[in-house]
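Spelled out, the chains give:
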Amino acid sequence: MSSLFYLNKYLAKYKWLLILGIICLLVSNIFGVEMPGVVKDAVNDIFSYGQTEENTIADKFSLALIAAGLYFLFSLLKGIFLFFTRQTIIMMSRKIEYDLKNEIYQQYQDLSFNFYKKNSTGDLMNRISEDVSKVRMYLGPGIMYTINLVFLFILVIYKMVKTNPELTLYVLLPLPLMSLLIYFVSSILNKRSEDVQRQQSFLSTIVQESFSGIRVIKSHVKEKEAEKRFNREAEQYKNFSMKLATTNAFFMPTIILLIGISTILTIYIGSLHAQSKLIEPGEIAEFVIYVNMLTWPFASVGWVTSIIQRAAASQKRINEFLSVETEIETDKGDELDFNEAIEFDNLGITYENSGVTALKNINLSVKKGTTLGIIGKTGSGKSSLAYLLMRLIDPTTGCIKIDGKDLKDINLTHWRKYIGYVPQEHFLFSDTIKNNILFGVDAEEISDEQLYQAAKDAGIHTTIEEFPEGYETMLGERGINLSGGQKQRISIARALIKNPDILVLDDCLSAVDNETEEHILEAISKDLKQKTSIIISHRISSIKYADNIIVLDDGKLIESGTHAELMKLNGAYREIYRKQELQSENKQNEA
Ligand SMILES: Nc1ncnc2c1ncn2[C@@H]1O[C@H](COP(=O)(O)OP(=O)(O)OP(=O)(O)O)[C@@H](O)[C@H]1O
Ligand SMILES: [Mg+2]
């Protein structure tokens, strides 16, 4: 329950809506509890007809008209204030839902790369959608019904005791029993509906996977198996839903039965008292209405309790996320000043989640304006070096220094804007090609010429022009699919258009052929000469013109030097060179 206290700051923010809502709720109830009194008077009048001489039919009729008018007036007023209650309290809950979603989203954006490695996407999505909507149920209906019950209970009991204390006692007896029973039924109901929900999200995961993996499924002729798996899970979903429907079917009749019992009790005991003239017939009618007025709110106690329980569980999960401190803050630290060199000082990284030591004791200096080439086997730690440089993760040992200053003390927003980074796993958004390229820059500051130039340098301009809609072509789910190499080149254009001082290319030419690779390297060579660049590659051809090349093996720096020096060394680099020569010779022979 205490987890819900977190929301108090939002309740305080919207306190006026809440207070106004509570006032409207109170006024609505005040009018509501006046209505049975009108019925009582009308019934009493009817029963007293003929018992006294002065009463005429005309009198009765006008009395009945007055009663009907009063009843209508009270219900109208009750309705109007109920409308305003919903307009304020439910509105407040929607506003808080919006704020909370934004707060969670903001937190997601602030959290570091490591956080995303530790938590699954589905889990993150759930926090912001399902959990928030459960919390909203507490803020809206939860709060509204609870306050309503309190007001109604006090007002009705007051009215009932004023009319007939003894009868009040009798009619209230079954109510606690009833709310207990309803609590019991609604917890079964909740459990069952959670089963259904869980199965449903599982089912949609299966469907989603089979859509995105449709090529793999078809090429392995696994359509029948996929169908069977879906059928099995759909069957399970059906079973859960049937169980839920059965419990649901019990719910309403149970409530109606209990209300009926209460009403019968009221009438029975009321009539006993009426016979001994302790009570007027109108009072029995009044009590029957009170009992019916109370039963719904009482019945909802069980429901509201479970809403609050579920909201508390959801808020607890949300709080866990909100309380995660981001390890890497972007807006702290000094302004960047880069004039001399980037240095890796005894740099090492061990990933917390996998326990893999991806880099060990790397010592290296990259002078401003030079190009560093990095080569090494798969899993040797090349990308990890790029992550560290982008400060997507922090090193476990040693540090990176920019002009002698620890990267941790430099404003990260500045630093990242300063670098054009093409990650190994490129990602394009479901948007136009143009917007994808302009992603990292302020679109208004870029002319079309600059856009085309970046695309030309990345070797993708002609391909884009060939699409019917050119740069406005949509990519992604509802757009066209690009080949792996085309995607890579768009990612390169995205980095180049920033006109960065430092360029980090992580294996970004792996999916293009040698000829295209040469063409791109040629096109960006003038850029590379002016900039400080770090090129990671599997292929010697991508890095052989670099001013300095390092060879990584199992996280260790094993060789370094220029292409010529490394070839002379006759070590690992030469070995890679020999193998790649052989491969390209073989290819040429085949051709
Ligand atoms: N986020 C991560 N969490 C845990 N372990 C990781 C993570 N990223 C990389 N690793 C591990 O660190 C090691 C080095 O990976 P890295 O991606 O740096 O290699 P790489 O040289 O870039 O390989 P490739 O040439 O295949 O891209 C691998 O053993 C990998 O499993
Ligand atoms: Mg890599």
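On a predicted model such as this, the values are computed, not experimentally measured, just so you know.

Bringing empty space enclosed by the protein into the picture now. Scanning all chains against the criterion turns up 1 cavity of 30 Å³ or more. In this model, the largest cavity occupies a volume close to 50 Å³. As for the largest cavity, its lining consists of Leu 388, Arg 391, Asp 394, Pro 395, Cys 399, Ile 400, Asp 406, Leu 407 and Lys 408. Residue composition of the lining of the largest cavity, grouped by class: 5 nonpolar, no polar and 4 charged.

On to the domain arrangement of the protein. Once the domains are mapped, the protein shows domain 1 (2–322) and domain 2 (341–590). Taken together, both faces of the contact between domain 1 and domain 2 bury some 470 Å²; the carbon and sulfur share is 58%. It is Phe 113, Asn 114 and Lys 118 in domain 1 that bury the most area against domain 2; as a group they hold 80% of the surface buried on that side. Viewed at the interface, domain 2 and domain 1 are joined by 0 salt bridges. Across the domain 1-domain 2 interface, the total number found is 0 residue pairs in polar contact (both at pLDDT 80 or more). Grouping the amino acids of the side of domain 1 that touches domain 2 by side-chain chemistry returns 1 nonpolar, 1 polar and 2 charged.

Time to look at the sheet that holds strand β9 (residues 548–553). Taken in spatial order, the 6 strands line up as β6-β7-β8-β3-β9-β10 in an open sheet, and their pairing is mixed. For this open sheet the edge positions go to β6 (419–422) and β10 (556–561), each flanked by a neighbour on one side alone. Each strand of the sheet is rotated relative to its neighbour by a mean of 15 degrees, with strand direction disregarded. Of the strand pairs in this sheet, strand β3 (residues 371–376) and strand β8 (residues 532–537) are connected by 5 bridges, and their pairing is parallel. From the neighbouring strand, Gly 373 faces β8, where its bridge partner is Ile 535.

The immediate surroundings of ligand 1 are formed by 16 residues, with Thr 378, Lys 382, Ser 383, Ser 384 and Gln 424 found nearest. Measuring from a nitrogen atom of ligand 1, one finds a side-chain N or O atom of Ser 354 at 2.9 Å. Within the side chain of Lys 382, an N or O atom sits 2.7 Å from an oxygen atom of ligand 1. Notes on ligand 1: free accessible area 630 Å², of which the protein chains cover 77%. Among the elements that line the shell around ligand 1, the one with the most residues is helix α11 (residues 382–390), at 3 residues. For the shell around ligand 1, the residue count by class is 3 nonpolar, 10 polar and 3 charged.

The subject of this paragraph is the packing of aromatic side chains. All told, the structure shown has 12 aromatic pairs when counted by the stated rule. Consider the rings of Tyr 452 and Tyr 471, whose centres lie 5.0 Å apart with planes at 45 degrees: the pair is tilted. Of this pair, Tyr 452 sits in helix α14 (residues 448–457) while Tyr 471 sits in the loop between α15 (461–466) and α16 (484–496), placing them 19 residues apart in sequence. Every member of this aromatic cluster is reached through a ring pair, and the members are Tyr 108, Phe 115, Tyr 116 and Phe 321.

All right, on to the coordination of the magnesium ion (ligand 2) then. Coordination of the magnesium ion (ligand 2) by the protein involves Ser 383 (OG) and Gln 424 (OE1), with metal-donor separations of 1.9 to 2.1 Å. Of the two residues, Ser 383 is situated in helix α11 and Gln 424 in the loop between β6 and α13 (433–437); the sequence distance between them amounts to 41 residues.

To continue, consider the sheet that holds strand β1 (residues 341–350). The 4 strands are arranged β2-β1-β4-β5 in an open sheet whose pairing can be described as antiparallel. Two strands bound the open sheet, and with one partner strand each, they are β2 (357–367) and β5 (405–406). Pairing analysis gives 2 bridges linking strand β4 (residues 397–402) to β5, with the strands arranged antiparallel. The partner of Lys 401 across the bridge, within β5, is Asp 406. Lying on the sheet, α11 is in contact with β1, β2 and β4; it crosses β1 at an angle near 120 degrees.

Formed by 40 residues in total, the largest nonpolar core has its most connected members in Ile 437, Ile 490 and Tyr 573. Broken down by secondary-structure element, the contributors of at least two residues to this core are α13, α14, α16, β7 (502–506), α17 (514–530), α18 (540–543), β9 and α19 (563–569). Element by element, the count of residues in this core is highest for α16, at 5 residues. Aside from chain neighbours lying at most four places away, what touches Tyr 573 is Ile 375, Ile 540, Ile 543, Lys 544, Ile 549, Val 551, Glu 559, His 563, Leu 566 and Met 567. Formed by 37 residues, the second largest nonpolar core is a distinct cluster that contains Leu 347, Val 366, Leu 407 and Ile 419.

With respect to the helices, strands and loops of the structure, Gln 315 is situated in helix α10 (residues 281–322). For Gln 315, a relative accessible area of 0% corresponds to the buried category. When neighbours within four sequence positions are excluded, Gln 315 is seen to be in contact with Ser 3, Leu 4, Tyr 6, Leu 7, Leu 100 and Val 135.

As a further point, take unusual backbone geometry. Glycine aside, residues mostly have negative phi, and peptide bonds are mostly found in the trans state. Within the chain, Asn 346 stands out as a residue other than glycine whose phi angle is a positive 55 degrees. Tracing the backbone through its elements, the reader meets Asn 346 in strand β1. If you check the backbone angles, Asn 361 has positive phi at about 40 degrees while not being a glycine. By secondary structure assignment, the location of Asn 361 is in strand β2.

Thresholds applied
Residues numbered from 1 in each chain as written. Chains lettered and ligands numbered in written order. Predicted model: local features only at pLDDT ≥ 70, side-chain atom pairs only at ≥ 80, totals over all residues. Heavy atoms only, no water. 1 Å grid on protein atoms, 1.4 Å probe; cavity = no way out; pocket = protein on both sides within 12 Å on 5 of 7 lines; lining within 4 Å. Points joined across faces, edges and corners; volume = space filled by probe spheres on them. Nonpolar A, V, L, I, M, F, W, Y, C, P; charged D, E, K, R; others polar. Domains from an automatic or database assignment. Buried area = accessible area lost by both parts, 1.4 Å probe. Salt bridge = Lys/Arg side-chain N within 4 Å of Asp/Glu carboxyl O. Polar contact = N/O pair within 3.5 Å; in protein donor to acceptor, adjacent residues only side chain to side chain. Pairing = 2+ DSSP bridges. Helix = DSSP H or I, 4+ residues; strand = E, 2+ residues; numbered from the N terminus. Axes fitted to C-alpha atoms, helices over the stretch in contact; angles between N-to-C directions. Near = heavy atom within 4 Å. Areas by Shrake-Rupley, 256 points an atom, 1.4 Å probe, with all protein chains shown as cover. Phe/Tyr/Trp six-rings, centres within 6.5 Å; stacked < 30°, edge-to-face > 60°. Donors = N, O, S within 2.8 Å, 3.2 Å for Na, K, Ca; no water. Contact = heavy atoms within 4.5 Å. Core = buried A, V, L, I, M, F, W, Y, C linked by side-chain atoms within 4.5 Å. Buried < 20%, exposed > 50% of the residue type's maximum accessible area, 1.4 Å probe, protein only.

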